[in-house]
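Inside the fold
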2 protein chains.
Amino acid sequence: MAERLVLSIDGMGGDHAPEIVIEGMQIAAQRLPHLSFLVHGDEAKLAPLLTANAAARAVSEVRHTEAHIGMEVKPSQALRQGRGSSMWNAIAAVEEGQARAIVSAGNTGALMAISMIRLRMVQGVHRPALAARWPAASGGYVVLLDVGANVEADGQQLVEFAIMGEAFQRAVSGKARPSVALLNVGAEDQKGHEEIKGAARLIRAAGVEMDFRGFAEGDDIAKGTFDVIVTDGFTGNIALKSGEGAARLVAGLLREALTSSLMAKLGALIAYPALKKLRQRMDPSNFNGAVFLGLNGLVVKSHGGTNAMGFAAAIEVAALMAQSHYREEIASNLARLGSAQAPAAQQQDAG
Amino acid sequence: MAERLVLSIDGMGGDHAPEIVIEGMQIAAQRLPHLSFLVHGDEAKLAPLLTANAAARAVSEVRHTEAHIGMEVKPSQALRQGRGSSMWNAIAAVEEGQARAIVSAGNTGALMAISMIRLRMVQGVHRPALAARWPAASGGYVVLLDVGANVEADGQQLVEFAIMGEAFQRAVSGKARPSVALLNVGAEDQKGHEEIKGAARLIRAAGVEMDFRGFAEGDDIAKGTFDVIVTDGFTGNIALKSGEGAARLVAGLLREALTSSLMAKLGALIAYPALKKLRQRMDPSNFNGAVFLGLNGLVVKSHGGTNAMGFAAAIEVAALMAQSHYREEIASNLARLGSAQAPAAQQQDAG
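1. Thoughts on the pairing of strand 8 (residues 211–216) of chain B
All names here are of chain B. Counting buried residues along strand 8, 5 of its 6 residues qualify, which places the element largely inside the surrounding structure. Relative to strand 8, strand 7 (residues 179–183) runs parallel, the two sharing 4 bridges. Across the sheet, serine 179 pairs through a bridge with aspartate 211, a residue of strand 8. This β-α-β element, strand 7 to helix 8 (residues 194–206) to strand 8, shows right-handed connectivity.

Given below as structure tokens:
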């Protein structure tokens, strides 16, 4: 029998926990029969849900916790008071080697703060990054990072993000050689912030092993021009939310249009199978599961408001990452970057 | 007879000039009979187009130019070699008081560089900003600025952008008291860059006269939560293009879905009037016409690839701005900001 892949689940995190968490585990367990779960949370609440979801129950072990961290708790508060909560213990299980990844739909700031303290950063990474997936016109999806772990990033950090994002795209999509670009306000070399121009020079100078294509613009995200688009967490968060907002706007206006008259309703009814396929393709659940990259341990953040399908997608991301060569790949590229940086730093000291 | 409003038109700027320029003038002249145009460009090309568009011809005076600035010319090159071109002369007509505003679909960088040199900045403004409009779910539109005039902005400049954007929204939409927010990665006061937090403090401390609401997130742009959203030109450009890309993605997938089968095509045919209304509502032409704010003279930038309807919309923006109290309004708010800044600067010098 093949080795089971154990994932650690924050049973109490998210707007609709624990219900959608257990239902998401049920879907994931049916799709990926080699998974097992350590579920952290209130046993009295989890037990009846597991009873109703037999596939999840068959591969789950519940670890009871009394407390859980609310969605409004600040990171500093979570660090002081979060010990023993479902999120904390779920992360600790990864730290202690009992599970290969944690999946949580809970408080993003708390998840990041506790993960950084407990799991610490991979050697050679200065700051972790949050990587999200976005559906592309070309099919498949684009990896966008950082979407909010840090508000700023210097050139060196952007290169680290590029290295991690490229390995993430490969781990999850199976693309052998994802293309990578830096998000900018124009494709020309002289445009943009000094940090971005520095990052482009550094990727080329360091001989980082990737298909680096230069600069991307905002509309390249949805176009799918590149497989990985790299930016700082401030810009990435705003780009992602601007895109989500615009997509929701068009979808909402479409819904409004197709219910605006009897004829419109009739047309929509006749076109229903095609419209349903469209809705499925754009469903955010498909792309749920952002990953904190750069930590000694896999941390997957599900959207707080997701449904069971979305939570299952986040579990799948965790499984794909855990089975991949992500760690070895980023280690070798970070080493290239480190050796390119060392002489540059000496030069700077001398200059 | 009421005084005519004279606008200066770059007849040769844009991907489809001079055709769509003259056709756009025709539409605008029919809608707004008090307009007159000074059209700068190649008379041999403009004359037959004006003959075909009688309403535009009746209110136009052609100013012949031999040269025009190509879309790929760099700003520095445009400054050195652009003198005597259609764009240059169109701007000069505003500088010399012959026209109240210039409208160009030409090279953005060149338009900005020449405008800054010829028209100079309004007293109290450190950098101009490019303001764009975005359709909002709530109806109407959101003003987003800066969308690309500068890659960076400090707190003081963000406040200047807020002052100019608020007056722009009022001038164009007629809203008496537009709400204003700063684009950020969260609504909480402790989040975001130091520049943004400083701008929020400064707006409150300076007693700037506006309905300031604090922070907006990326999805607030399309939601229309606020009337004016303020950010630096790097972030604004990326937010705008990310949103445009996402909207185009959904529209493209919808088109694909509604042509994917015979039933889908039939449904789309029956729902055609409603779908047509949707398309009209989302048509970028409606929102064409970005404005360079902060110069001694009105400069309206039409999208380079726009159609005649879009160019007419840009002309309308120029007319509304020219008829408004925009200049007086920003002058009084900039004065408030100036007096709040003076003691702060002294304090800083002493500290």
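2. A short note on the domain arrangement of chain A
All names here are of chain A. The assigned domain composition of chain A is domain 1 (1–119) and domain 2 (125–293 + 325–346). Relative to domain 2, the C-alpha centre of domain 1 lies at a distance of 27 Å. Each partner contributes residues to the interface: domain 1 has 4 residues there, and domain 2 has 5 residues. Together, the buried faces of domain 1 and domain 2 total about 370 Å²; carbon and sulfur atoms form 90% of this surface. Among the residues of domain 1 in contact with domain 2, Thr108, Met112 and Met116 are the three that bury the most area, contributing 86% of the side total. Applying the counting criterion to the domain 1 and domain 2 interface returns 0 salt bridges. Taken together, domain 1 and domain 2 are joined by 0 residue pairs in polar contact (both at pLDDT 80 or more). Residues of the side of domain 1 that touches domain 2, tallied by class, amount to 3 nonpolar, 1 polar and no charged.

3. Comments concerning the interface of chain B and chain A
Across the boundary between the two partners, chain B contributes 51 residues, which contact 51 residues of chain A. Between chain B and chain A, a total of about 4300 Å² is buried, with carbon and sulfur atoms accounting for 76% of that surface. Of all residues in chain B, the largest losses of buried area upon contact with chain A belong to Phe234(B), Leu249(B) and Ile270(B), amounting jointly to 14% of the total for that side. Between Arg248(B) and Asp219(A) there is a salt bridge; the shortest N-O distance is 3.5 Å. In this structure, the connection of chain B to chain A is made through 8 residue pairs in polar contact (both at pLDDT 80 or more). For the side of chain B that touches chain A, the secondary structure elements donating two or more residues are strand 5 (129–135), helix 9 (220–223), helix 10 (233–258), helix 11 (262–270) and helix 12 (272–282) of chain B. Split by residue class, the side of chain B that touches chain A holds 30 nonpolar, 13 polar and 8 charged.

4. Details of the relation of the copies chain B and chain A
Relative to chain A, chain B is turned by 180° and slid 0.0 Å along the rotation axis, the superposed coordinates differing by an RMSD of 0.0 Å. The superposition operator between the copies reduces to a two-fold rotation axis. A shared binding surface is used by both copies, with 100% of the interface residues of chain B retained as interface residues in chain A.

5. Digging into the environment of Glu195(B)
Residues and elements named next belong to chain B. Within the fold, glutamate 195 resides in helix 8. Along the primary structure glutamate 195 and aspartate 154 are separated by 41 residues, whereas in three dimensions their C-alpha atoms are 5.3 Å apart. Those residues in contact with glutamate 195, other than ones at most four positions away along the chain, are Ala153, Asp154, Gly155 and Leu158.

6. Description of the packing of aromatic side chains
Residue and element names in this part refer to chain A. Throughout the structure, instances matching the rule amount to 2 aromatic pairs over all chains. Each ring, one from tyrosine 141 and one from phenylalanine 287, has its centre 6.3 Å from the other, and the planes form 75°; the classification is edge-to-face. Of this pair, tyrosine 141 sits in strand 6 (residues 141–145) while phenylalanine 287 sits in the loop between helix 12 (272–282) and strand 10 (290–293); the two residues are 146 residues apart in sequence, bridging distant segments of the chain. Across the pair, exposure class does not vary: tyrosine 141 and phenylalanine 287 are buried alike. Lying across the ring of tyrosine 141, arginine 133 places its NZ or CZ 4.9 Å from the centre.

7. Observations concerning empty space enclosed by the protein
By the definition in use, this model includes 2 cavities of 30 Å³ or more. In this structure, the largest cavity spans a volume of roughly 60 Å³. Taken together, Trp134(A), Gly218(A), Ile221(A), Ala222(A), Ala239(A), Leu240(A), Gly243(A), Ser242(B) and Ala246(B) form the lining of the largest cavity. Mapped onto the lining of the largest cavity, the elements with two or more residues apiece are helix 9 (220–223) and helix 10 (233–258) of chain A together with helix 10 of chain B. Residues that form the lining of the largest cavity fall into these classes: 6 nonpolar, 3 polar and no charged. Roughly 40 Å³ of internal volume is contained in the second largest cavity. Taken together, Ser242(A), Ala246(A), Trp134(B), Gly218(B), Ile221(B), Ala222(B), Ala239(B), Leu240(B) and Gly243(B) make up the full set of residues lining the second largest cavity. Of all the secondary-structure elements, those providing two or more residues to the lining of the second largest cavity are helix 10 of chain A together with helix 9 and helix 10 of chain B. If you tally residues by element for the lining of the second largest cavity, the top one is helix 10 of chain B, at 3 residues. Taken together, the residues of the lining of the second largest cavity sort by class into 6 nonpolar, 3 polar and no charged.

Thresholds, definitions, all that
Residues numbered from 1 in each chain as written. Chains lettered and ligands numbered in written order. Predicted model: local features only at pLDDT ≥ 70, side-chain atom pairs only at ≥ 80, totals over all residues. Heavy atoms only, no water. Buried < 20%, exposed > 50% of the residue type's maximum accessible area, 1.4 Å probe, protein only. Helix = DSSP H or I, 4+ residues; strand = E, 2+ residues; numbered from the N terminus. Pairing = 2+ DSSP bridges. Right-handed = clockwise from strand over helix to strand, strands pointing away. Domains from an automatic or database assignment. Contact = heavy atoms within 4.5 Å. Buried area = accessible area lost by both parts, 1.4 Å probe. Salt bridge = Lys/Arg side-chain N within 4 Å of Asp/Glu carboxyl O. Polar contact = N/O pair within 3.5 Å; in protein donor to acceptor, adjacent residues only side chain to side chain. Nonpolar A, V, L, I, M, F, W, Y, C, P; charged D, E, K, R; others polar. Least-squares fit on C-alpha atoms with pLDDT ≥ 70 in both. Phe/Tyr/Trp six-rings, centres within 6.5 Å; stacked < 30°, edge-to-face > 60°. Lys NZ or Arg CZ within 6 Å of the ring centre and 35° of its normal. 1 Å grid on protein atoms, 1.4 Å probe; cavity = no way out; pocket = protein on both sides within 12 Å on 5 of 7 lines; lining within 4 Å. Points joined across faces, edges and corners; volume = space filled by probe spheres on them.

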